[in-house]
Amino acid sequence: MNIHKVSKLDYLCKKASKIMEKEKDITLNDIKSIRFIWDRMANVMTVIAVMGVLGISIFMLLNIKTEGYTMLIGTAILVLTTSGLASFTPLGLTVDNDYIVINKLVGKVVIKKSEVVSVKSIDSSIVRRSGRMAGSSGAFGYWGKFRHRTEGSYSLYATNFDRFVMIETPKKKYVINY
């Protein structure tokens, strides 16, 4: 047997083992209170978004004398819109005996454990192959309404692509980091 074929077979076996390890059976008891850790992409996208808004705002404010109050109103709209989007930023989970609470910069999402129909670990490829219907795919984290061809619609609250769990209730599906 060719040495390249053996090493490629070993590589594929190790990769399959890692995928199976990630997709192990998970229960509600495996989900713990955590503070979300941001990945590099979320950090970079957030910095680019904030720097872009700051740059445009400074440019608009410097042109108030020539353009009038239109620039001031435009700056206010831009800053308020960005602040509104940032308010959806997922910060972490608080888990107790009865609830899983997804903490956001402003507000929270509460999932009653008694209403949970299923819990399963999912591979990051499902999230990567989902279409965003509304939300963010990096700036201020990964959040919003997404749709996958086999998993259907779900709400995503994450800040990295490390570990995902799908929590399903009778009314809604949630995908979160855990």
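As shown above, the structure is provided for reference.
What comes next is a walk through the structure.

Rules behind the numbers
- Residues numbered from 1 in each chain as written.
- Predicted model: local features only at pLDDT ≥ 70, side-chain atom pairs only at ≥ 80, totals over all residues.
- Heavy atoms only, no water.
- Pairing = 2+ DSSP bridges.
- Helix = DSSP H or I, 4+ residues; strand = E, 2+ residues; numbered from the N terminus.
- Expected span 1.5 Å × (residues − 1).
- Buried < 20%, exposed > 50% of the residue type's maximum accessible area, 1.4 Å probe, protein only.
- Arc of directions from axis to C-beta.
- Contact = heavy atoms within 4.5 Å.
- Axes fitted to C-alpha atoms, helices over the stretch in contact; angles between N-to-C directions.
- Parallel < 35°, antiparallel > 145°, perpendicular 65-115°, else oblique.
- Left-handed = near helix turned anticlockwise from the far one by under 90°.
- Nonpolar A, V, L, I, M, F, W, Y, C, P; charged D, E, K, R; others polar.
- Salt bridge = Lys/Arg side-chain N within 4 Å of Asp/Glu carboxyl O.
- Polar contact = N/O pair within 3.5 Å; in protein donor to acceptor, adjacent residues only side chain to side chain.
- Core = buried A, V, L, I, M, F, W, Y, C linked by side-chain atoms within 4.5 Å.

1. Examining the sheet that holds strand β1 (residues 34–35)
Taken together, the four strands give an open sheet; going across it, the order is β1-β2-β3-β4, and neighbouring strands pair in antiparallel fashion. Each end of this open sheet is capped by a strand with a single partner; those strands are β1 and β4 (108–112). The pairing of strand β3 (residues 99–104) with β4 spans five bridges and is antiparallel. For I100, the partnering residue across the bridge sits in β4 and is I111.

2. Focus on helix α4 (residues 69–86)
With 18 residues, α4 ought to run about 26 Å at 1.5 Å a step, and its terminal C-alpha atoms sit 26 Å apart, in line with that. Of all the positions in α4, only M71, G74, T75, T82 and A86 are classed as buried. Along the axis of α4, the buried residues cluster in a sector spanning 100°; they form a single face. Residues Y69, T70, I73, I77 and L80 are exposed on α4 and point more than 90 degrees away from its buried face. Next to the buried residues of α4 lie α2 (40–62) and α3 (64–67).

3. Some points on the packing of α2 against α4
Each pair of packed helices gets described by two things: the angle between the helix axes and the distance between those axes. Where α2 contacts α4, the two axes come as close as 8 Å, and the packing angle between them is 165°. In terms of orientation, α2 and α4 fall into the roughly antiparallel class. In this structure, the crossing between α2 and α4 has a hand that is left-handed. Contacts from V53, I56, S57, M60 and L61 in α2 reach M71, L72, G74, T75, L78, V79 and T82 in α4. Considered class by class, the residues forming the contact of α2 with α4 number eight nonpolar, four polar and no charged.

4. Quick word on α2
Given 3.6 residues to a turn, an α-helix orients residues that are three or four positions apart in the same direction. Between its terminal C-alpha atoms α2 stretches 33 Å, which fits the 33 Å expected from 23 residues at 1.5 Å a residue. Inspection of α2 places A42, T46, V53, S57 and M60 among the buried residues, and these make up the whole buried set. On its buried side, α2 packs onto α3, α4, β6 (131–138) and β7 (141–148).

5. Regarding the pattern of salt bridges
In this structure the tally under the stated criterion is one salt bridge. Linking E151 and K120 is a salt bridge whose minimum nitrogen-to-oxygen distance equals 3.0 Å. Here K120 lies in strand β5 (residues 118–122) and E151 lies in the loop between β7 and β8 (152–158), a separation of 31 residues in the sequence. Residue classification places E151 among the buried residues on the basis of a relative accessible area of 13%. Accessibility expressed as a relative area gives 35% for K120, which makes it partly exposed.

6. Details of the side chain of N160
Tracing the chain through its elements places N160 in the loop between β8 and β9 (164–168). Within polar-contact distance, the side chain of N160 engages the backbone nitrogen of D162 at 2.8 Å. Once you skip the residues sitting within four places of it in the chain, N160 turns out to touch I37, D39, Y142 and N177.

7. Observations regarding the nonpolar core
Most often, soluble globular proteins keep nonpolar side chains buried together rather than apart. Among the nonpolar cores identified, the biggest contains 22 residues, and I31, L93, I100, I102, V165 and I167 are the most heavily contacted of them. Not counting the four nearest positions on each side in its chain, V165 is found in contact with I26, I31, V119, K120, S121, I122, Y174, V175, I176 and Y178.

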